[in-house]
Amino acid sequence: MTMGKRFLWLLVGLMSGWSLQANAQSAHLTAKSLALGGGGTAYVEGYHANFINPANLMLGGAGPRITFGLLGGISTSMGGPLINLHVYDTYFTRGLTITGSIAEDALTDWFGNDPAGMKNFGMQVDFIPVGLSVRNDKWAMGLALRTRILMNTGINKGAAQLAIYGFNAGIFGDGQPVNFSTSTLVFYEASLGVSIQLLEIENLGFARNVKIYAGAAPKLLLGVNSYKADFNSVLTLKGPQNEVEEIRHDFNYRIETTGEITDQLTEYYQVRESQSKVPVIEDYVEIVPEDMYGVKTSGWGLDLGAVVEMDVNIPVLGALFKGAEHLQVGLSLTDLGSLTFTENAGAFVADKNLIWRGFNFDQETIDEEYNGDRGEYISHVLEDSIMTGIYNSFVPQKNVENKRFLPTMLHFGTRLILSKLSISVDLTRGFSNEGVNTQKMALSTGIEYDLFGFFPLRVGMRTGGYSSTSYSAGVGLEFRNFEFSIAASTVNTLAKNGSAGMAWSGLILKF
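A quick note: this is a predicted structure, and the numbers were derived from the prediction, not measured. (Residues numbered from 1 in each chain as written. Predicted model: local features only at pLDDT ≥ 70, side-chain atom pairs only at ≥ 80, totals over all residues. Heavy atoms only, no water.)

## Observations regarding the overall build of the protein
Phase 1: Looking only at helices and strands, the protein has 11 helices and 22 strands in total.
Phase 2: Here the protein holds 511 residues, and the buried ones make up 49% of them.
Phase 3: Total accessible area on the protein is roughly 23,100 Å²; 58% of this is exposed by carbon and sulfur atoms. (Helix = DSSP H or I, 4+ residues; strand = E, 2+ residues; numbered from the N terminus. Buried < 20%, exposed > 50% of the residue type's maximum accessible area, 1.4 Å probe, protein only. Areas by Shrake-Rupley, 256 points an atom, 1.4 Å probe, with all protein chains shown as cover.)

Okay, here's the thing in structure tokens:
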């Protein structure tokens, strides 16, 4: 194996090792809202309303007043420009050799022309083990527990070039940025939502039975795990294109941790500083299962919202649809708050420069120190001298607080009900890039038809935000006292910002 390939595997191993240490949109999704494009601001009812629009706790009309969910909802969503299905389909599924101009075209289509430009992939998992909501004519309350996992990973064009070209002096001869980042946040929520009727107007001319509700859902946040790593570097290769003679790598990184991993890395640093022989980091770092679900900090969050519902009479629609016409309009602000990890919180930084001019195959030294085994000598240089001696030479920071903000999002939505048919439209905008949240505006639309009175058929579309246009669908069984729904969404095979999502309602009972 050439020097360049060995060093490439070393760097890939470094990146992979950091990512695995974490092991671990950000709108809350239900089976119904995902199927209708991912909105829900004006129509998600019951205890799920706590996380989308607490005012919706008052919705439900003459239906059951109590909703109880056991395994009350599971959803996962993922997406981002790092998942470029167009590039994958064009270059990686047709038997092409990814070299030369083909590789250059693929990388330009994927990352653009900026070598430092980052492309990200986000993921969110929500699980509600139990939820309960109760309402009467003037007020409603909802209680729900939720577990959340928010993850985001990104690489730049230089890192992708390294993966495709390997150590190529023609690409990295003048130096290229090679950067990546990864973060994971795991926490529990206990939400108590309250909604009240603010106003009721019997007749406004264009609308009747107008009701305005407002709601708030403060929630206790219990932080389980927070992990972040940011690696920034410039890689320069000297020598003939396929025979690298010198590797120069100027890099700096910061790793933020919580829990046992903080103590383990601190112990490794202390041992490293106290003895002449550099210790092996694998002897000190191991995943502790209890560390993956134990609570390490607490904080507070808040979801706010308002909704208006009314009966309307639109002549054009009245000629096409029999029955009542009902309109709902909602506005909400979700996930206000943050978590600050202080107990067993750590930050480890490094700012180094690596210059490597290859192996020194001095046979006398190899015979004396490695029993003549060149493979053992090469392994020692790569794993001990470079990986451990240089890349693992981090320094712990003191008095660390790792603060993570919730993925705050603004929602506006409407739903028009025409007998068995309903049409919904939502606009959302995030205020951070945590998980699959994004600061780009997104539009969701959906259509639902209530077949047989208990078998809803749902389709939806979402555009903007963290992915290309995605399409969703779902079905359910919705009786007066029981609900069971599923949904899925995905983008087309040529999307430049891929995404996917799945949701299950759990077992929902109504009384």
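## Examining helix α6 (residues 157–165)
One turn of an α-helix holds 3.6 residues; hence residues three or four places apart share an orientation.
Phase 1: Every buried residue of α6 is listed here: Lys157, Gly158, Ala159, Ala160, Gln161 and Leu162.
Phase 2: The positive-phi residue at the C-terminal boundary of α6 is Gly166, with phi of around 70 degrees.

## As for the environment of Gly175
Phase 1: Inspection of the secondary structure puts Gly175 in the loop between α7 (169–172) and β6 (176–177).
Phase 2: Residues Gly175 and Leu235, 60 residues apart in the sequence, show an inter-C-alpha distance of 5.2 Å.
Phase 3: With sequence-adjacent residues up to four places away left out, Gly175 is seen in contact with Val234, Leu235 and Thr236. (Contact = heavy atoms within 4.5 Å.)

## Regarding the side chain of Ser470
Phase 1: Among the secondary structure elements, Ser470 is positioned in strand β19 (residues 467–478).
Phase 2: Excluding residues that lie within four positions of it along the chain, Ser470 makes contacts with Gly460, Met461, Arg462, Thr490, Val491 and Ser499.

## Some words on the confidence of the model for the protein
Phase 1: The pLDDT averaged across the protein works out to 86; a share of 87% of its residues lies at or above 70.
Phase 2: Low confidence marks residues 1–25, where pLDDT is under 50. Its contacts with residues over four positions away, or in another chain, come to 62 contacts. (pLDDT = per-residue confidence, 0-100.)

## Section: the packing of aromatic side chains
The geometry of two aromatic rings is summed up by the distance between their centres and the angle between their planes.
Phase 1: In the structure shown here, the tally under the stated rule is 12 aromatic pairs.
Phase 2: Taking the centre distance of 5.4 Å and the plane angle of 75 degrees together, the rings of Phe348 and Phe394 count as edge-to-face. Placement of the pair is Phe348 in strand β12 (residues 345–356) and Phe394 in the loop between α11 (374–391) and β13 (395–396), with a sequence separation of 46 residues.
Phase 3: Judged by its relative accessible area of 5%, Phe394 is buried.
Phase 4: Ring-pair connections join several aromatic residues into one group, and the members of that group are Phe180, Phe231, Phe251, Tyr253 and Tyr391.
Phase 5: Between the NZ or CZ atom of Arg146 and the centre of the ring of Phe51, over which it lies, the distance is 3.9 Å. (Phe/Tyr/Trp six-rings, centres within 6.5 Å; stacked < 30°, edge-to-face > 60°. Lys NZ or Arg CZ within 6 Å of the ring centre and 35° of its normal.)

## A look at helix α8 (residues 260–274)
Phase 1: The end-to-end C-alpha distance of α8 is 21 Å, a good match for the 21 Å that 15 residues give at a rise of 1.5 Å each.
Phase 2: All buried positions along α8 are accounted for by Ile261, Thr262, Gln264, Leu265, Tyr268, Val271 and Arg272. (Expected span 1.5 Å × (residues − 1).)

## Considering a negative patch on the surface
Phase 1: The grouping of Glu260, Asp263, Glu267 and Glu290 at the surface amounts to a negative patch.
Phase 2: Tracing the chain through its elements places Asp263 in helix α8.
Phase 3: Taking the relative accessible area as the measure of exposure, Asp263 reaches 36% and is therefore partly exposed. (Patch = residues over 30% accessible without salt bridge, like charges linked within 9 Å, V, L, I, M, F, W, Y side chains within 5 Å. Salt bridge = Lys/Arg side-chain N within 4 Å of Asp/Glu carboxyl O. Lys, Arg positive; Asp, Glu negative; His and termini not counted. Charge placed at Lys NZ, Arg CZ, Asp CG, Glu CD.)

## What to know about the nonpolar core
Phase 1: With 27 residues, the main nonpolar core has Leu235, Leu237, Tyr253, Leu265 and Phe394 as its most contacted residues.
Phase 2: Among the elements that make up this core, the one with the highest residue count is strand β8 (residues 207–238) (5 residues).
Phase 3: Setting aside chain neighbours within four positions, we find Leu235 in contact with Leu162, Phe167, Phe172, Gly175, Gln176, Val178, Ile247, Arg248 and His249.
Phase 4: Counting 11 residues, the second largest nonpolar core, distinct from the first, contains Trp110, Phe111, Phe121 and Ala160. (Core = buried A, V, L, I, M, F, W, Y, C linked by side-chain atoms within 4.5 Å.)

## So, the pairing of β19
Phase 1: Bridging between strand β18 (residues 455–464) and β19 involves 7 bridges; their strand directions are antiparallel. Looking at β19, one finds that Arg458 is bridged to Gly474.
Phase 2: Remark: 2 residues form the turn of the hairpin made by β18 and β19, two consecutive strands paired antiparallel; Gly465 in that turn has positive phi of roughly 70 degrees.
Phase 3: The sheet contact formed by β19 and strand β20 (residues 482–491) spans 9 bridges and is antiparallel. If you follow Val475 over to β20, its bridge partner there is Ile486.
Phase 4: From the end of β19 to the start of β20, which pair antiparallel, there are 3 residues. (Pairing = 2+ DSSP bridges.)

## Brief notes about the pattern of salt bridges
Two side chains that carry opposite charge are able to pair once their charged atoms sit near each other.
Phase 1: Inspection of every chain in the model, using the stated rule, returns 17 salt bridges.
Phase 2: Put simply, Glu246 and Arg248 hold a salt bridge, and the shortest N to O gap is 3.7 Å.
Phase 3: Here Lys296 ties to Asp291 by a salt bridge, and the two come within 3.4 Å at their closest N and O atoms. Accessibility classification places Lys296 together with Asp291 in one group, the buried group.
Phase 4: Because the salt bridges share partners, they merge into one network encompassing Asp126, Arg146, Arg148, Glu189, Lys219, Asp303 and Asp335.

## Overview of the packing of helix α5 (residues 100–111) against α6
Phase 1: In contact at an axis separation of 11 Å, α5 and α6 are set at 150 degrees when each is read in the N-to-C sense. It follows that α5 is roughly antiparallel to α6 by the angle criterion. Where α5 crosses over α6, the handedness of that crossing is right-handed. Residue-level contacts link Gly100, Ala103, Glu104, Leu107, Thr108 and Phe111 of α5 to Lys157, Ala160, Gln161, Ile164 and Tyr165 of α6.
Phase 2: Looking at the contact of α5 with α6, its residues break down into 6 nonpolar, 3 polar and 2 charged. (Axes fitted to C-alpha atoms, helices over the stretch in contact; angles between N-to-C directions. Parallel < 35°, antiparallel > 145°, perpendicular 65-115°, else oblique. Left-handed = near helix turned anticlockwise from the far one by under 90°. Nonpolar A, V, L, I, M, F, W, Y, C, P; charged D, E, K, R; others polar.)

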